[in-house]
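As a plain string of letters, each chain reads:
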Amino acid sequence: MKKMIVFFVIIALGIAITYQLKDKKQKVVVPNYSSIRVSTADVREIIDTTGEVSALNRVEIKPSVSGRVDRLLVNEGDTVRKGQVLAYLSSSDRVAILDAVRANPDEKLSDWENTYKATPVISPMNGKIILRNVVEGQTISTNDILFALADELIVLASVDEADIGKVKVGQKAEITLDAYKDDVVSGKVFQILEEGKNVSNVITYYVKIRPVKTPPFFKSLMTANIDITVTEKKAAVVIPWDSINENSQGQTYVLVGDNMNPDKHIIKTGILDGDNIEVVSGLSAGDEILVKDENFKLNTTKDETKGFLQMTPNKKRKSGKEILNNAPKKS
């Protein structure tokens, strides 16, 4: 009797497992697609990098004589012109004489001050005082820095070796400072330095960018985030970047036609701009393509997912072809 019970239990379990496996086998997961219309939009390819506010020409002003600072006529942030007097100094000899006169109440100090004139400190160029390094009454030597003067403030951007070939003089740039995130400053590339620098085993090159109008809040050494526009197009034909695929021959395609049995349509892509990618050829504005629904998660075998690229937009925007070349190939 016990053997019969065990036998029937085994039979029941076998039937249950068989139906479960059959049910799983018959369950076919069909991708869900939405039909979207190809549109037009302005697109641009950018190089996204960082840098700092820097003086185009920075001059450190040192005293011509050792002695003492008598008077300071300018402060940090003041704009000065070439030839303007910035300060007056007393040489060591003048300091000794005037101190001796001050100690003698019978002497008239103004007579001695007129006889032994103070030494003026003259601005060598037009610019802004970005550093005042002394105070009145301070004893100085000829090695001390009195002031630092900048003729204009620019942005010095660091661009890595892989991107420097795309940067050209005259390209537009957008500058945002960490301290003023809501203020976007327009600028233009005006010089690309020839010598690179090894930073953590990555070769970088410095690019000088001049603001169209230097804002008053620019200060030397402020951290800047820069978008350099490499290329841009107006009213380009665009589609969502995640709607493109690549076949085994390396051709880029989109899906068109019926949701249950879509066809592959070969296209050529260009600039990737955020969530959109330019279509150079193969589609026109108004055409319809199929895009996989965001909420759909493919739960099939490897062969059933063949052809779809799992791509994530890079911080540095590149052309659609570059992204496809860097994406994992599927056999």
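In what follows, the structure referred to is the one given above.
Residues numbered from 1 in each chain as written. Predicted model: local features only at pLDDT ≥ 70, side-chain atom pairs only at ≥ 80, totals over all residues. Heavy atoms only, no water.

Visitor: Explain the packing of aromatic side chains to me, using residue names and the numbers behind them.
Guide: Summed over the entire model, instances satisfying the criterion amount to three aromatic pairs. Plain terms: the ring middles of Trp 112 and Tyr 116 are 6.1 Å apart, the flat faces sit at 5° to each other, and that makes the pair stacked. Three or more aromatic residues joined by ring pairs form one cluster here, namely Tyr 180, Phe 217 and Phe 218. Above the ring of Phe 190, the side-chain terminus of Arg 210 is found at 4.0 Å from the ring centroid. (Phe/Tyr/Trp six-rings, centres within 6.5 Å; stacked < 30°, edge-to-face > 60°. Lys NZ or Arg CZ within 6 Å of the ring centre and 35° of its normal.)

Visitor: Outline the side chain of Ser 90, supporting the account with residue identities and numerical values.
Guide: Relative to the helices and strands, Ser 90 resides in strand β6 (residues 85–91). The buried category is assigned to Ser 90, whose relative accessible area is 1%. Here Arg 94 takes part through its side chain, which lies 2.5 Å from a polar atom of the side chain of Ser 90. If we ignore the near neighbours within four places in the chain, the residues touching Ser 90 are Ser 66, Gly 67, Arg 68, Asp 70, Val 95 and Leu 98. (Helix = DSSP H or I, 4+ residues; strand = E, 2+ residues; numbered from the N terminus. Buried < 20%, exposed > 50% of the residue type's maximum accessible area, 1.4 Å probe, protein only. Polar contact = N/O pair within 3.5 Å; in protein donor to acceptor, adjacent residues only side chain to side chain. Contact = heavy atoms within 4.5 Å.)

Visitor: How would you explain helix α2 (residues 92–103) if you had to name every residue and give the values?
Guide: The end-to-end C-alpha distance of α2 is 17 Å, a good match for the 16 Å that twelve residues give at a rise of 1.5 Å each. If you check which residues of α2 are buried, you get Arg 94, Val 95, Leu 98 and Val 101. Along α2, the residues classed as buried sweep out an arc of 130° about the axis, all on the same side. Structural note: α2 exposes Asp 93 and Ala 103 on the side pointing more than 90 degrees away from its buried face. Residues of α2 that are buried make contact with β4 (67–72), β6 and α3 (109–115). (Expected span 1.5 Å × (residues − 1). Arc of directions from axis to C-beta.)

Visitor: Talk me through the pattern of salt bridges; I want residue IDs and the actual numbers.
Guide: All chains considered together, the criterion is met by twelve salt bridges. In this structure, Arg 58 engages Glu 60 in a salt bridge whose closest nitrogen and oxygen atoms are separated by 2.8 Å. Asp 70 serves as the salt-bridge partner of Arg 94, at 2.9 Å between the closest nitrogen and oxygen. Within this pair, whereas Arg 94 is found in helix α2, its partner Asp 70 is found in strand β4, the two being separated by 24 residues in sequence. Owing to a relative accessible area of 8%, Arg 94 belongs among the buried residues under this scheme. If you follow the salt bridges from partner to partner, you end up with Arg 68, Asp 99 and Arg 102 in one network. (Salt bridge = Lys/Arg side-chain N within 4 Å of Asp/Glu carboxyl O.)

Visitor: Account for the pairing of strand β18 (residues 252–257), naming residues and giving values.
Guide: Of all six residues in β18, five are buried, a share of seventy percent or more. Across two bridges, the pairing between strand β17 (residues 245–246) and β18 is antiparallel. Each bridged residue has a counterpart across the sheet, and for Asn 245 the counterpart in β18 is Tyr 253. Linking β17 to β18, which pair antiparallel, is a turn of five residues; within it Gly 250 sits at a positive phi near 80°. Bridge analysis of β18 against strand β19 (residues 262–273) gives six bridges, and the strand direction is antiparallel. (Pairing = 2+ DSSP bridges.)

Visitor: Mind laying out the environment of Val 101, listing which residues take part and the relevant values?
Guide: If you trace the backbone, Val 101 turns up in helix α2. Exposure remark for Val 101: the relative accessible area of 7% places this residue in the buried category. For the pair formed by Val 101 and Trp 112, sequence separation is eleven residues and the distance between their alpha carbons is 7.8 Å. Residues in contact with Val 101, not counting those within four places in the same chain, are Glu 107, Lys 108, Leu 109 and Trp 112.

In short, the description is geometric, and any link to function would need to be established separately.
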